[in-house]
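# Results of the structural survey
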Amino acid sequence: MNALAAQRRPDDLPALAPVPVPVDAGCVRDLLRLARGRRVVVVGDVLVDHYLYGEPVRISREAPVLFLRYLGEEDRPGGAANAAANAQALGGRVRVVGLVGDDAPARQLGRLLEARGIEHRLVSDAARPTTVKSRIVAAGRQAARQQVLRVDRWESRPPGEEVQRRLVEQAVQAVLEAEVVILSEYGAGTLAPAVVEAVLRAARQAGVPVVADSRYRLLELRGVQAATPNVPEAESVLGRSLAGEHELVRGGWELASRLGVRLLVLTRGDEGMSLFFREEGRALRLMPYRPREVYDVSGAGDTVVAAVALSLACGDSYKLAGCLLAAVAAGLVVGKPGVATPELHEVEAALQEWTPQLFAWHAAPDGALDARPAGGGSSPRGVAGPA
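We now turn to the structure provided with this report. Residue numbers here run from 1 along each chain, matching the order of that chain's written sequence. Under the rules for a predicted model, residues below a pLDDT of 70 receive no local features and side-chain atom pairs below 80 are neither given nor counted, while totals for whole chains, interfaces and linings still include all residues. Hydrogens and water are ignored here; the side-chain numbers use all heavy atoms of the structure.

### Side note on the overall build of the protein chain
- Comment: elements are numbered from the N terminus, with helices defined as DSSP H or I runs of at least four residues and strands as E runs of at least two. The number of helices and strands found in the protein chain is eleven helices and 15 strands.
- Note on exposure labels: buried denotes an accessible area under 20% of the residue type's maximum, exposed denotes more than 50%, and partly exposed covers the range between, all computed with a 1.4 Å probe on protein chains only. Counting every position in the protein chain, which comprises 387 residues, the buried fraction comes to 56%.
- Contacts in the protein chain between residues at least 24 apart in sequence constitute 72% of all its contacts with a sequence separation of at least 6.
- All accessible-area figures derive from a Shrake-Rupley calculation using a 1.4 Å probe, and residue coverage is judged against the displayed protein chains alone. Surface accessibility of the protein chain: about 16700 Å² in total, with carbon and sulfur atoms responsible for 50%. Two residues form a contact once any of their heavy atoms are found within 4.5 Å.

As structure tokens, then:
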């Protein structure tokens, strides 16, 4: 049991009844219309997700492991490249800047992005391999596919000064032509401090919002306007468990303050999301969209950050609509095998049948508990929804 798990305890504070907040999913349809063609730049750790499929035959005689008959394999864009693919799938016009090796996976990643209509500026570094996550998947004829092994190839050190200089050059040029920027960090070293500083400086100069999705270095990305961590990532930053609604809300406010973000989207898996609108002093709980059983959660965070980024490209008044879009799109991709993207027609169909469940639980950024909606009203209009 890890240290964070050992700290978990039952929520011993008195429970507060959530206050329902009425909201119409029509604002998401408005967002999808406005988001088409928005210029999105993704800077971060690109990688190739490689899948090798085999049919289980028997237990191997060489070792107590599954013997698989080869069925096929495929590659998909992963990491920051998957965030780019999600932004493109939701209607954005996307450019991705990332770091690759001088190798076959780098060339394959370029082809995968081009096939999706995504412009790329992949900076080559012969001193490191392209990051590849290889998954071996047992695909039975009458059973769901199950991942049985994953092998990763990557280099976590930041690149040398010359490579960083080229990354900065490509990233700054892209940011100055963008309407929103995503910083996507997966631990592969692309977002060296000099690269982050240059991106944030260029974004401030151009008046472009930046959204961060970081696995390991979230606090190093201060200066962004929004962030989309999951609960384990937030716990790692704060150094404590966020078990129970009260602790989670307190932790969310603390993290939003330390990052200085306008919007913090704390993703909670099958428990939905907690949304912290820092400037308005308002926290909301968004229940998940569940169209089917969860199949594979890989890459769902990339879907969330893409939806939030597109909403910021359309203006601050669409922040809530972006969170609603994130809930629907992520709910769709976790029902698909492997790292996946939503289809616009799927999202539009889901919006026809979905009534969002949104609650105001606690409204005070100082950690005081308050079940009343901020400002004494029940509607989020003017806080995060379109006027």
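### Focus on helix H6 (residues 193–206)
- Helix span, as expected, comes to 1.5 Å for every residue beyond the first. In this model H6 runs 20 Å from its N-terminal to its C-terminal C-alpha over 14 residues, within 8% of the 20 Å that 1.5 Å per residue would give.
- Restricting attention to buried positions, one finds in H6 the residues Val195, Val196, Ala198, Val199, Leu200, Ala202 and Ala203.
- Of the surrounding elements, those touching the buried residues of H6 are strand S2 (39–44), helix H5 (161–175), strand S9 (180–185) and strand S10 (210–214).
- Immediately downstream of H6, the backbone of Gly207 shows phi near 70 degrees, a positive value.

### Concerning the packing of aromatic side chains
- Stacked, tilted and edge-to-face are the three classes assigned to paired rings of Phe, Tyr and Trp, where Trp is represented by its six-membered ring and a pair needs centres within 6.5 Å; plane angles under 30 degrees give stacked, over 60 edge-to-face, the rest tilted. Going through the model one piece at a time under the given rule, you end up with three aromatic pairs.
- Ring geometry for Tyr51 against Tyr53: centres 6.2 Å apart, planes inclined by 10 degrees, an arrangement best described as stacked. For the pair formed by Tyr51 and Tyr53, the shared burial category is buried.
- Their ring planes at 75 degrees and their centres at 5.3 Å tell us that Trp253 and Phe276 sit as a pair that is edge-to-face. A residue pair is termed long-range when its members are at least 10 positions apart, and Trp253 in helix H8 (residues 245–259) and Phe276 in strand S13 (residues 273–277) qualify at 23 residues.
- Look at NZ for Lys and CZ for Arg. If either is within 6 Å of the ring centre and within 35 degrees of the ring normal, a charge sits over the ring. The residue whose ring lies beneath Arg76 is Tyr51, and the NZ or CZ to ring-centre distance is 4.8 Å.

### Considerations on the nonpolar core
- We call a set of buried residues a nonpolar core when its members are Ala, Val, Leu, Ile, Met, Phe, Trp, Tyr or Cys and they connect through side-chain atoms within 4.5 Å of each other. Counting 67 residues, the largest nonpolar core has Val42 and Leu275 as its most contacted members.
- Ignoring anything within four residues of it in the chain, the contact list for Leu275 reads Leu264, Val265, Arg282, Ala283, Leu284, Leu286, Leu320, Cys323 and Leu358.
- Val163, Leu200, Val261 and Phe276 belong to the second largest nonpolar core, which has 44 residues in total.

### A closer look at helix H2 (residues 26–35)
- Those residues of H2 not exposed but buried are Gly26, Cys27, Val28, Leu31, Leu32 and Ala35.
- The secondary structure elements touched by the buried residues of H2 are helix H9 (300–313), helix H10 (319–333) and helix H11 (344–353).
- Remark: Gly37 follows H2 within two positions and exhibits a positive phi of approximately 85 degrees.

### A closer look at the sheet that holds strand S8 (residues 146–153)
- In spatial order, the strands read S4-S3-S7-S8; together these four strands make up an open sheet with mixed pairing. In this open sheet, the two edge strands, each paired with only one partner strand, are strand S4 (66–79) and S8. Taken pair by pair, the neighbouring strands of this sheet meet at an average axis angle of 20 degrees, ignoring direction.
- With seven bridges connecting them, strand S7 (residues 132–138) and S8 associate as antiparallel partners. Directly across from Val132, in S8, lies its bridge partner Arg153. By the convention used here, strands pair only if DSSP detects at least 2 bridges between them. Lines are fitted to the C-alpha atoms to define the axes, a helix being fitted only along its stretch in contact, and any angle between axes, read from their N-to-C directions, falls within 0 to 180 degrees.

### Examining the environment of Gly331
- As for its placement among the helices and strands, Gly331 is situated in helix H10.
- Spatially, the C-alpha atom of Gly331 lies 9.8 Å from that of Ala350, the residues being 19 residues apart in sequence.

### Let's talk about the packing of H2 against H11
- Relative orientation of the contacting elements H2 and H11 amounts to 160 degrees, with a least axis distance of 9 Å. Considering their axes alone, H2 and H11 lie roughly antiparallel with respect to each other. Every pair of crossing elements has a handedness; the one defined by H2 and H11 is left-handed. Of the residues in H11, those in contact with Val28, Arg29 and Leu32 of H2 are Leu344, Val347, Glu348, Leu351 and Gln352.
- Here the nonpolar group is Ala, Val, Leu, Ile, Met, Phe, Trp, Tyr, Cys and Pro; Asp, Glu, Lys and Arg are the charged ones; every other residue, Gly included, is treated as polar. Class assignment for the residues of the contact of H2 with H11 results in five nonpolar, one polar and two charged. Working definition: roughly parallel below 35 degrees, roughly antiparallel above 145 degrees, roughly perpendicular at 65 to 115 degrees, and oblique for all remaining angles. Crossing handedness: left-handed means the near helix sits turned counterclockwise from the far one by under a right angle, and right-handed means the same turn made clockwise.

### Things to note about a nonpolar patch on the surface
- A contiguous nonpolar surface patch, about 440 Å² in accessible area, is contributed by Ile59, Leu66, Val148, Leu149 and Val151.
- With three residues, S8 is the largest single contributor of residues to the nonpolar patch.
- Inspection of the secondary structure assignment puts Leu149 in strand S8. Only residues above 30% relative accessible area that lack a salt bridge enter a patch, with like-charged residues linked at up to 9 Å and the nonpolar side chains Val, Leu, Ile, Met, Phe, Trp and Tyr linked at up to 5 Å. The working definition used for a salt bridge is a side-chain nitrogen of Lys or Arg within 4 Å of a carboxyl oxygen of Asp or Glu.

### Observations concerning the sheet that holds strand S1 (residues 19–20)
- An order of S1-S15-S14-S13-S12-S11-S10-S9-S2-S5-S6 is seen for the eleven strands of this open sheet, with the pairing classed as mixed. For this open sheet the edge positions go to S1 and strand S6 (119–124), each flanked by a neighbour on one side alone.
- Direction of pairing for S2 relative to S9: parallel, over a ladder of five bridges. What sits directly across from Val43, in S9, is Leu183.
- Contacts between H9 and the sheet are confined to S2, S9, S10, strand S11 (226–227), strand S12 (263–267) and S13, with S10 contributing the most and set at about 170 degrees to the helix.
- Running over the sheet, H10 touches S12, S13, strand S14 (282–286) and strand S15 (358–360) and is turned about 165 degrees from S13.

### Things to note about the pairing of S13
- Summarising burial for S13: five of the five residues are buried, a large majority.
- Of the two faces of S13, the one holding Met273, Leu275 and Phe277 and the one holding Ser274 and Phe276 are both buried throughout.
- Where S12 folds back on S13, the antiparallel hairpin that results is connected by five residues, among which Gly269 adopts a positive phi of roughly 60 degrees.
- Taking the residues between adjacent antiparallel strands as the criterion, S13 and S14 are bridged by four residues, where Gly281 takes a positive phi near 65 degrees.

### As for the side chain of Glu233
- Locating Glu233 in the fold gives a position in helix H7 (residues 231–238).
- The buried category is assigned to Glu233, whose relative accessible area is 11%.
- With near-sequence residues (within four places) excluded, Glu233 lies in contact with Ser214 and Arg215.

Interpretation in functional terms is not warranted from these geometric data alone.
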